[in-house]
Amino acid sequence: MVPVKIQVLPEDLINKIAAGEVVERPASVVKELVENSLDAGATQIIVEIQEAGKKLIRVSDNGCGMSEAEIEISLERHSTSKIASVDDLFNIQTLGFRGEALPSIASVSKMKIERNPSGSGVTVEAKNLFYNTPARKKFLKADSTEVGHIGEIVSKYALAYPQTAFRLISDGKPLINSPGTGKLIDAILAVYGTDLSRGLVEVNNEFAAGKVYGFISRPTVTRIDKNYETFFVNRRYIKNFLLNRALEEAYRTLIPSNRYPVAVLFIEIDPRQVDVNVHPAKREVKFLKTNEVMEAVRSAVRKSLEVGDMGKGREAGLVESNKRWGIEQPVDQLPMTSFQTSNPTFTQYNNYPEAEIEVTAIQPLIPLYQLKLTYIVATDGEELALIDQHAAHERILYDQLTQGARVNGQGAQTLLVPETIDLVTSEAEILKDNLEYLNSLGFDLELFGSNSYILRAVPAVSSKSPAKQLILDIIAELGETGKSVQLEVKQENLRKLVACHSAIKAGDKLTAQEMNQLIRDLYTTQNPLTCPHGRPTMIRLTEAELLKRFGR
Amino acid sequence: MEFSCEKRELQIGVATAEKIVATRSTLPILGNILFEAGKGGIKLSANNLEVGMELGVKANVNKEGSILLPAKTLSGIVSKLPETKVTFKLNENGTVRISYDQSHFSLHSLPPDEFPALGKIKDGKTFSVDPEIFISMVKQTIFAVSNSEDKYMLTGVLMEVGKSNIPGETNNLRMVATDGYRLAKRGEKIEAKGDPAISAIIPAKALTELVKILEGKKKEELKVCVSADQISFRYEDIYMISRLIQGQFPDYKQVIPKKSSTRVTLDTRDFLRSAERAAVIASGSANVTSFEVKGESLHLTANTPDVGSVVEIIKAEVKGPERVRISFNIRLITDVLGAINSEKVMIEFGEGLSPGVIKPESGGEYLYIVMPIRTQEGV
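Presented here is an overview of the structure given in this document. From a predicted model like this one, the values you see are computed outputs, not experimental measurements.

### What to know about the sheet that holds strand β9 (residues 229–233) of chain A
Residue and element names in this part refer to chain A.
Part 1 of the argument: Taken in spatial order, the five strands of this open sheet run β7-β8-β11-β9-β10, and their pairing is mixed. The outermost strands of the open sheet, each flanked by one partner alone, are β7 (200–207) and β10 (236–238). Averaged over all pairs of adjacent strands, the angle between their axes in this sheet comes to 20°, without regard to strand direction.
Part 2 of the argument: Strand contacts of helix α7 (residues 143–160): β9, β10 and β11 (263–269), with the helix running at about 55° to β9, the strand carrying the most contacts.
Part 3 of the argument: Across the sheet, helix α11 (residues 290–306) is in contact with β7, β8 (210–217), β9 and β11; its angle to β7 comes to roughly 135°.

Printed below as a string of structure tokens:
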């Protein structure tokens, strides 16, 4: 223990300040306690939570345990069994080391540490978290979000410690149950489900300073965001965007540029080559030789992708399909200012008086050509119009969904074979939160086991999309955009998401007939000139504009 | 290298090879056609790494050798040549002189070394089939494949050779395609020496090209050879090879309904035209169209708020209870009606939300299963 020499502030105040750094939310408590259990050599860790951890967090393990005296001293700040000298700081082999966790948690909850009656391991309980820091409590998100965060923490440790059996129980319901067989793939199976696990290939490659191993997805299995790119350095879950970049570079040309691979990658490296002490929650690391590590990841992943069962032909096929893709980034995530300044046509449209839109909207446009498989060039004989096929279709589907919601409910296109959807806890919570409304839009999703759902139908408007990917993409984006409390806004956002992910994409080839239909349908919508996100669906060039541009 | 041939022969060869040439590849060399002049004539090859093809063209070869010529430019030239004899000659500086009548072109060529060689299947399972039958099987299934790369194994057509284990079926060659919402299946009895057992998912792209190339050809049998990861087709001196899609195709037998309660027989053309008209309105409401059996007719109803509604009544022969009311995506219905050649078509309905089954009244073992749309007003 490092003694506190100068004591200007009272101890409990210091602990609360430190708690601010260490304990942001229930998930941080779970993290600290699980780390302690792991450092104590536990092979079995049970995490129980009630009311998303706000009421209770209980972590019991079968680790080496603590004596009564140790329990007493552990509650003092900077007491730790994990380092003793400065030299140790540069050769850290344990997860925790600052000696801040227990006193921090104790200062913001009613905490109890007990030795297990069986003699091995301890049980730590933190009740009524943030009872004495109401400001912090107020900033907690909805229960489902907090459970999601906890699920993510436990998942990460279950992956990092396959030889330890993890259980996460939320309000009596088991969410994660990893077997602790010591095999990484078993842990991945427990966290991600069978479906995803089947699409993975193994990585195992050594480099000068260490080793890269784990599992990555085949190029056919992709996700809409980086949430499935998980890295561990010396078994510590970390975030380091350079590692993400190295991974994605290895997949370049194999998967569409706006899709991301699934990866659970471990980097084993001499502890002296990494600095983990750069972030209070130890989520970030610095490498002494960053480039070497990035190259190690890149080449390890490449190597696994090249072997596996993908011949050269397959790779080429994917390169080709790459070009057909083009899900755009959702517009509401783009900085709006740059949009308005860099795109004068857009602002111009906003200035159009309503009446004028009505008039132009009646004119039938005849499609002439599909430009870059993205825009429909059309004319009504007077003006030239460029229609963004994705934005236009999005508007059509959004209106159909909205109308269905208002009038007689949505048609639900049933699936030939129902699909099983395995989710991680945080995703399952997001889905649970939106399930009812999604089902009213035409999905038929039913809970099937703790984090799995059965999908039996999709909205009739979505029947051109692959059902499972549709729901996965929607969940991923819901997780990213966060939630609105207001029910109406929330439902509107969901309709936008369903419309966006069901609409034809840039790069989809359309026949003349399909283009005609698209234009016709567009003009039956409430607002044919903008997509639900407010982007224009078309740009029109009037004769006057042409005259001006040609200087006639 | 030097050879001469008839413009017509050359044009057919170049046009066929050009279909395989990669149009926007990251490997520029794939934009070329490989010319190999040997003893018996010349061989043209194209390869886009997904599908590869070679074919023979009759020619008088004066000097053997091989070169690469850019497909686009070459086909532009060849298609505009007069109907006469054309001579190709490789010069020492690497250009190819294409001469005809009094005139000539000089084209830059590339050395053939880096052009990826077409694979040959070793130890594959083989069978032969009438190309006309094969094409018709492809055409009746391929429209049901998924266009989405996310469902990779559904972007191809499953081809199976071997006895069918579905009761009542006598076929031993089957093609099946599905996008998860409907499924098309066609069976045919062929002479298959040695009864090979084959199950392979062929990329739709390869089949589309094959159909274009084989269209109208019926002189000889189409020879098919399948290995674990590739399939090849040979017709006369045309050879095509494609990779296969790896993955588990859904168990289609499981989705074929065992029984139906109501069977409606209609004139295929009447049905198709009515469905196409209903689709005009239905397109405004996610193509949802209601199917109702009333008396001796089938009623198709669609409506789109603020646009209008349609009721199409088609004369039908009805067997079983009349009380059928169920909705389908009308596009999934027009798709299959366009692919059926039989004069009459049968549509079978089951209980509740069970799938609709469409079959031609005559003309081979063909089955189309389409999943209904559940609507709020019930079924």
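### Quick look at the pairing of strand β24 (residues 344–349) of chain B
Residue and element names in this part refer to chain B.
Part 1 of the argument: The element β24 is extensively covered by neighbouring structure, given that five of its six residues are classed as buried.
Part 2 of the argument: By the bridge criterion, six bridges tie strand β18 (residues 262–267) to β24 in an arrangement that is antiparallel. Each bridged residue has a counterpart across the sheet, and for Arg263 the counterpart in β24 is Glu348.
Part 3 of the argument: Of the strand pairs in this sheet, β24 and strand β25 (residues 356–360) are connected by four bridges, and their pairing is antiparallel. Paired with Ile347 across the two strands is Ile358, which belongs to β25.
Part 4 of the argument: The antiparallel hairpin formed by β24 and β25 contains six residues in its connecting segment, where Gly352 sits at a positive phi of about 50°.

### Some thoughts on the interface of chain A and chain B
Part 1 of the argument: Each partner contributes to the interface: chain A provides 41 residues, whereas chain B provides 42 residues.
Part 2 of the argument: Overall, the association of chain A and chain B removes approximately 3,600 Å² of surface from exposure, summing both partners, and the carbon and sulfur fraction of that is 51%.
Part 3 of the argument: Seen at the junction of chain A and chain B, the total is one salt bridge.
Part 4 of the argument: Notably, a salt bridge pairs Arg374(B) with Asp444(A), separated by 3.2 Å at the nearest N-O pair.
Part 5 of the argument: Across the contact surface, chain A and chain B share twelve residue pairs in polar contact (both at pLDDT 80 or more).

### Points about the sheet that holds strand β7 (residues 85–90) of chain B
All names here are of chain B.
Part 1 of the argument: The strand order β5-β1-β7-β8-β9 describes an open sheet built from five strands, whose pairing is antiparallel. Every other strand in the sheet has two partners, leaving β5 (60–63) and β9 (103–108) as the edge strands with one partner each. Direction aside, neighbouring strands of the sheet carry axes that sit 20° apart on average.
Part 2 of the argument: In this structure, strand β1 (residues 2–6) lies alongside β5, joined through three bridges in antiparallel fashion. Pairing of Phe3 across the sheet is with Val61, part of β5.
Part 3 of the argument: Of the strands in this sheet, β1 and β7 are in contact with helix α1 (residues 7–20), which crosses β1 at around 100°.

Rules and cut-offs
Residues numbered from 1 in each chain as written. Chains lettered and ligands numbered in written order. Predicted model: local features only at pLDDT ≥ 70, side-chain atom pairs only at ≥ 80, totals over all residues. Heavy atoms only, no water. Pairing = 2+ DSSP bridges. Helix = DSSP H or I, 4+ residues; strand = E, 2+ residues; numbered from the N terminus. Axes fitted to C-alpha atoms, helices over the stretch in contact; angles between N-to-C directions. Contact = heavy atoms within 4.5 Å. Buried < 20%, exposed > 50% of the residue type's maximum accessible area, 1.4 Å probe, protein only. Buried area = accessible area lost by both parts, 1.4 Å probe. Salt bridge = Lys/Arg side-chain N within 4 Å of Asp/Glu carboxyl O. Polar contact = N/O pair within 3.5 Å; in protein donor to acceptor, adjacent residues only side chain to side chain.

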